[in-house]
Amino acid sequence: MRVDAVTLFPAMIDSPLSESIVGRARTEGFLELGFANPRDFTEDRHRTVDDKPYGGGTGMVMMAEPVYRALKQLRKKGSFVILLTPKGRRFDQSVALELSKKKHLVFICGHYEGIDERVTPLADLELSIGDYVLTGGEPAAVAVIDAVTRLIPGVLRKSDATVNETFTDGLLEAPHYTRPAVWRGKTVPPELVSGNHKLIAAWRSKLAAELTGKARPDLKPPQQVKKKSRGKAAH
Ligand code: SAM
């Protein structure tokens, strides 16, 4: 999969995604990551990317043109463009699964007070990683790219590693235990050391249902991601 990001701070995405499983996915060619910095698409001496908001108010707003030009460089036929914003659709495992099937994702990361609203119609999806406000879209891009990358077939060495995990089937996953069997006086549930696969599966289903009912009664089975209809702005 190819993933690109329009960002003023590429290192905020590149660096965390160079480690661990995603870092390995990059070196093994499962994920190609690229960037375009709106600052490189400015024409003035100061390489200005932001300006004061019309109507007044605090903070600065990212100007549409440098973002548009950066996006234009990255976007190809078939690209799926995601604008990261706290006002977007809430990211969850079902969205991650849908995005993992795309060939090319392009993230637009805002900063400061956000991006000129006229850029919004250029995106196929407005996406939020939760009901809180980050300083920029970069940490959100890292979270989404991480969750999507581990769903690309071949990235996790055991192909079933993502099948029964939390959120995949609308349930939280049953708890895990590892050796030793007795740790500081605490034992492992006997079903897990029984060697009886049916018993283990039944125990896990029961625990998953109980845990979900207690901790997240709101969870529902995954839904499809819809591509939104585009506005009138030029592409
Ligand atoms: N003024 C904006 C508002 O009140 O909605 C918040 C802007 S925020 C400080 C700067 C940028 O961080 C946003 O343009 C967006 O790209 C990103 N961002 C902040 N919180 C986010 C979240 N929960 N999910 C995704 N992106 C987020």
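Criteria and cut-off values
- Residues numbered from 1 in each chain as written.
- Predicted model: local features only at pLDDT ≥ 70, side-chain atom pairs only at ≥ 80, totals over all residues.
- Heavy atoms only, no water.
- Helix = DSSP H or I, 4+ residues; strand = E, 2+ residues; numbered from the N terminus.
- Buried < 20%, exposed > 50% of the residue type's maximum accessible area, 1.4 Å probe, protein only.
- Contact = heavy atoms within 4.5 Å.
- Lys, Arg positive; Asp, Glu negative; His and termini not counted.
- Charge placed at Lys NZ, Arg CZ, Asp CG, Glu CD.
- Core = buried A, V, L, I, M, F, W, Y, C linked by side-chain atoms within 4.5 Å.
- Near = heavy atom within 4 Å.
- Polar contact = N/O pair within 3.5 Å; in protein donor to acceptor, adjacent residues only side chain to side chain.
- Areas by Shrake-Rupley, 256 points an atom, 1.4 Å probe, with all protein chains shown as cover.
- Nonpolar A, V, L, I, M, F, W, Y, C, P; charged D, E, K, R; others polar.
- Patch = residues over 30% accessible without salt bridge, like charges linked within 9 Å, V, L, I, M, F, W, Y side chains within 5 Å.
- Salt bridge = Lys/Arg side-chain N within 4 Å of Asp/Glu carboxyl O.
- Pairing = 2+ DSSP bridges.
- Axes fitted to C-alpha atoms, helices over the stretch in contact; angles between N-to-C directions.

**Student:** I would appreciate a short explanation of the overall build of the protein in the present structure.
**Tutor:** From N to C terminus, the protein includes six helices and nine strands. The C-alpha extent of the protein, read off along each of the three principal axes, is 70 × 40 × 35 Å. Residue burial in the protein is summarised as follows: out of 235 residues, 40% are buried. Here the analysis covers contacts within the protein between residues at least 6 apart in sequence; of these, 78% occur between residues at least 24 apart. Side chains of the protein carry 36 positive and 28 negative charges; the gap between the two charge centres is 4 Å.

**Student:** Sorry if this is basic, but what is going on with the nonpolar core here?
**Tutor:** Nonpolar side chains in soluble globular proteins generally cluster together in the buried interior. Membership of the largest hydrophobic core comes to 31 residues, with the highest contact counts inside it found for I13, I82, L99, L105, F107, L127 and I145. Taken together, the elements giving at least two residues each to this core come down to β1 (2–6), α2 (20–27), β5 (80–90), α4 (93–100), β6 (104–109), β7 (125–128) and α5 (138–149). Top element by residues in this core is α5. It accounts for seven residues. With sequence-adjacent residues up to four places away left out, L99 is seen in contact with M1, F80, I82, F91, L105, L127, V144 and V148. Grouped together as the second largest cluster of nonpolar side chains are 18 residues, V49, I115, V119 and L122 included.

**Student:** How should the environment of M60 be read in this particular structure?
**Tutor:** Note that M60 resides in the loop between β3 (50–51) and β4 (61–62). Along the primary structure M60 and A215 are separated by 155 residues, whereas in three dimensions their C-alpha atoms are 40 Å apart. Excluding residues within four positions of it along the chain, M60 makes contact with D50, D51, K52, Y112, E113 and G114.

**Student:** In this structure, what is going on with the site of the ligand? I would like to understand it.
**Tutor:** By nearness alone, 20 residues border the ligand, and L84, G110, E113, Y132 and L134 come closest of all. One nitrogen or oxygen atom from the main chain of L134 is found 3.0 Å from a nitrogen atom belonging to the ligand. In isolation the ligand exposes 580 Å². Once the protein is present, 84% of that is buried. Broken down by element, the residue count for the shell around the ligand peaks at four residues, all from β5. The residue inventory of the shell around the ligand, partitioned by class, reads nine nonpolar, nine polar and two charged.

**Student:** Quick question: what am I supposed to make of a nonpolar patch on the surface here?
**Tutor:** Residues F9, M12 and Y112 make up a contiguous nonpolar surface patch of roughly 250 Å² in combined accessible area. Relative to the elements of secondary structure, M12 occurs in helix α1 (residues 11–14). Assessed through its relative accessible area of 35%, M12 is described here as partly exposed.

**Student:** How should the pattern of salt bridges be read in this particular structure?
**Tutor:** The tally for this structure, following the rule as stated, stands at 14 salt bridges. The partner of D14 in a salt bridge is R26, and the shortest N-O contact between them spans 2.7 Å. Here D14 is found in helix α1, whereas its partner R26 is found in helix α2, with 12 residues between them in sequence. Linked by salt bridges that have partners in common, R2, D4 and E32 make up one network.

**Student:** What is the right way to read the sheet that holds β1 from this model?
**Tutor:** Each strand in a sheet pairs with its neighbour through backbone hydrogen bonds, running either in the same direction (parallel) or in the opposite one (antiparallel). The strand order across the open sheet formed by five strands is β2-β1-β6-β5-β7, and the pairing between neighbours is parallel. In this open sheet, the two strands that pair with only one neighbour each are β2 (32–36) and β7. Strand-to-strand twist across the sheet, computed as the mean angle between neighbouring axes with direction ignored, equals 35°. Pairing between β5 and β6: five bridges, direction parallel. Paired with I82 across the strands is F107, a residue of β6. Docked against the sheet, α4 engages β5, β6 and β7, running at close to 170° with respect to β5.

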